[in-house]
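For reference, the chains in residue letters:
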Amino acid sequence: MQCGNGLQELEDTLRVRGLTTGHSPQSKPLAQMGGLVATRSIGQFSTLYGGIEDLVVGLEAVFPGGTVTRIKNVPRRAAGPDIRHVIIGSEGALCFITEVTVKLFRYQPENNRYFGFLADEFADGVAALRELITAGYRPSVCRVYSPEDARQHFAAFYQGKNVVVLVAEGPEGIADATAEAIGELFAGRPHERVDGALIRQWFENLNWGQDKIDAEKTAMLENAHLGYTTEVSVSWSRVSELFDAVMSRIRGEFPRAGDLTMLGAHSSHSYQTGTNLYFVYDYTIRCSPREEIEVYHKPLNAIIVEEALRLGGSMVHHHGIGKYRTPWVRQEHGSAYYLLSTLKHAFDPRGVMNAGTIFPLEPDAGAGDSAS
Ligand SMILES: Cc1cc2nc3c(=O)[nH]c(=O)nc-3n(C[C@H](O)[C@H](O)[C@H](O)COP(=O)(O)OP(=O)(O)OC[C@H]3O[C@@H](n4cnc5c(N)ncnc54)[C@H](O)[C@@H]3O)c2cc1C
């Protein structure tokens, strides 16, 4: 696909042929293939299909100076380091991606089974996901929402509790086996079951097109009220600690805590060794619009990033570093930042590519940074 092809358009074309990319970020109606690869994006069915890094098999990119690189499409190879990863997630700071080749899967929605459960504690919901994933099951969707976050999505049935959402997907035998394992796991837990049809209905209306973006912009301007997110990842053993630390620091330390109208989180992408936490926060803006980022978004984002790093996690799970998280990029990578900064110096020595994204604007001081 050429970089400017929209994912929605690609999926619509594939699905009538019984195929899918397996990539379904909430931004599917808005995002293009180049942007999805550049940001190292992830979709709602990631536990089964993986993130974009698991789906890309071939690439073409143009580097500053005009060098065009094509990375060929092969099932696997051991011909040196995997050079796709120099490009995937480079956020326009090293090269411009012109073409992307992704895997295709059979599209079998008729086999999907939807599940919802209510948990008293966030930690209980996380424990259930951990049990399922580490036992080897791969439901395509595997999520838990804190009550504050759940209220935005499941107001009709959440009952003030944490909501666990699961989807079993794949060939019939695999979907059935996954559904059976989910049934067995929750039979042994005190979580109330939600009608799967409600979860299915919710999924079918989850994605954001331009209409929702426009409606949100209008509401923001009319009400001076804004919502933001910061997503991080951490090992299973530290998830609850991270959740509690962020909640308590924001409520206790953030000087504008009184302006928050919602503070919650969900885990939406899980792995053998851990999961992500996607913190969501809404606030009423009580300052000039120009100050809003400094007064609200940056300090809230900083608390979440600091806590994720303190607990040995990553400061960014899937939105990319962009410009707001560059101050922590050296801390994120530690001694491995040498590899990243060397790529920047080698491929973009004049710093013409997306300045200030991933790489801080001020000169590097560490080893391997002498080209700056
Ligand atoms: C409503 C909403 C929901 C979202 N949901 C998800 C989600 O579920 N999962 C997820 O991972 N992300 C999500 N995102 C974040 C983001 O939209 C995605 O990560 C998506 O990949 C961005 O693609 P885009 O084409 O819109 O890129 P843009 O927003 O246009 O660009 C993003 C970055 O990539 C660079 N870039 C774009 N194209 C290229 C190219 N061809 N070559 C090199 N660099 C390039 C840009 O310079 C920029 O730094 C969401 C965003 C919104 C607004």
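Throughout, residues of each chain are indexed from 1 in the direction in which the sequence is written. At least 70 in pLDDT is required for a residue's local features to be given in this predicted model, at least 80 for side-chain atom pairs to be given and counted, and no such filter applies to totals for whole chains, interfaces and linings, which use all residues. Side-chain metrics in this entry use all non-hydrogen atoms of the structure; hydrogen atoms and water are not considered.

**So, the overall build of the protein chain**
Working step 1: Numbering of helices and strands runs from the N terminus, with a helix taken as a DSSP run of H or I at least four residues long and a strand as a DSSP run of E at least two residues long. Regarding its fold elements, the protein chain presents 14 helices and twelve strands.
Working step 2: The globule rule is 2.2 Å times the number of residues to the power 0.38, and the radius of gyration it is compared with is taken over C-alpha atoms. Here the C-alpha radius of gyration of the protein chain, 21 Å, is about what a compact globule of 372 residues would show, namely 21 Å.
Working step 3: Dimensions of the protein chain, computed from C-alpha atoms along their principal axes, come out at roughly 60 × 50 × 40 Å.
Working step 4: Residue burial is assigned from relative accessible area. The probe radius is 1.4 Å, only protein chains are included, and a residue is buried under 20% of its type maximum, exposed over 50%, and partly exposed in between. The 372 residues of the protein chain split such that 49% are buried.
Working step 5: The average position of the 35 basic charges and that of the 44 acidic charges among the side chains of the protein chain differ by 4 Å. Under the convention used here, Asp and Glu are negative, Lys and Arg are positive, and both His and the chain ends fall outside the count. By convention, the point assigned to a charge is CZ for Arg, NZ for Lys, CD for Glu and CG for Asp.

**Notes on helix 11 (residues 239–253)**
Working step 1: Helix length check: helix 11, at 15 residues, gives a terminal C-alpha distance of 21 Å against a target of 21 Å (1.5 Å per residue), a fit within 8%.
Working step 2: Those residues of helix 11 that fall on the buried side of the exposure criterion are Val 239, Leu 242, Phe 243, Ala 245, Val 246, Met 247, Arg 249 and Ile 250.
Working step 3: Contacts were defined at the residue level, with two residues in contact if any of their heavy atoms lie within 4.5 Å. On its buried side, helix 11 packs onto helix 6 (122–134), strand 10 (225–235), strand 11 (260–267), strand 12 (274–284) and helix 12 (292–310). An expected span of 1.5 Å times one less than the residue number is assigned to each helix.

**Observations regarding the sheet that holds strand 3 (residues 68–71)**
Working step 1: What the three strands build is an open sheet, ordered 3-2-4; its pairing is antiparallel. Each end of this open sheet is capped by a strand with a single partner; those strands are strand 3 and strand 4 (96–102). Direction aside, the axes of adjacent strands within the sheet are offset by 10 degrees on average.
Working step 2: Each pair of strands is called paired provided DSSP finds at least two bridges between the two strands. With four bridges connecting them, strand 2 (residues 56–62) and strand 3 associate as antiparallel partners. Axis definition: a line fitted to C-alpha atoms, limited for helices to the stretch in contact. Angles are taken between N-to-C directions and run from 0 to 180 degrees.

**With respect to the pattern of salt bridges**
Working step 1: Each reported salt bridge corresponds to a side-chain nitrogen of Lys or Arg within 4 Å of a carboxyl oxygen of Asp or Glu. Throughout the structure, instances matching the rule amount to 18 salt bridges.
Working step 2: Between Asp 176 and Arg 113 there is a salt bridge, with its nearest N and O atoms 2.2 Å apart. Highlighted residues: Asp 176 in helix 8 (residues 172–187) and Arg 113 in strand 6 (residues 113–119), separated in sequence by 63 residues.
Working step 3: Taking the relative accessible area as the measure of exposure, Arg 113 reaches 24% and is therefore partly exposed.
Working step 4: Between Arg 310 and Glu 307 there is a salt bridge, with its nearest N and O atoms 2.7 Å apart. Remark: Glu 307 and Arg 310 occur in helix 12; sequence separation between them is three residues, near one turn of the helix.
Working step 5: Through salt bridges that share partners, Arg 249, Glu 253, Glu 306, Glu 307 and Arg 310 make up one connected network.

**Looking at the packing of aromatic side chains**
Working step 1: Classification of ring pairs uses Phe, Tyr and Trp, with its six-membered ring standing for Trp, and accepts pairs whose centres are within 6.5 Å; under 30 degrees between planes counts as stacked, over 60 as edge-to-face, and the remaining range as tilted. Under the counting rule described, the total for this entry stands at 13 aromatic pairs.
Working step 2: On the basis of an interplanar angle of 50 degrees and a centroid distance of 4.8 Å, the ring pair of Phe 63 and Phe 347 is categorised as tilted. One end of the pair, Phe 63, is in the loop between strand 2 and strand 3; the other, Phe 347, is in helix 14 (residues 337–347), and 284 residues separate them in sequence.
Working step 3: By relative accessible area, which is 9% here, Phe 63 ends up buried.
Working step 4: On the basis of relative accessible area, Phe 347 is assigned to the partly exposed category, the value being 31%.
Working step 5: Taken together, Phe 45, Tyr 145, Phe 154, Phe 157, Trp 202 and Phe 203 form an aromatic cluster joined through their ring pairs.

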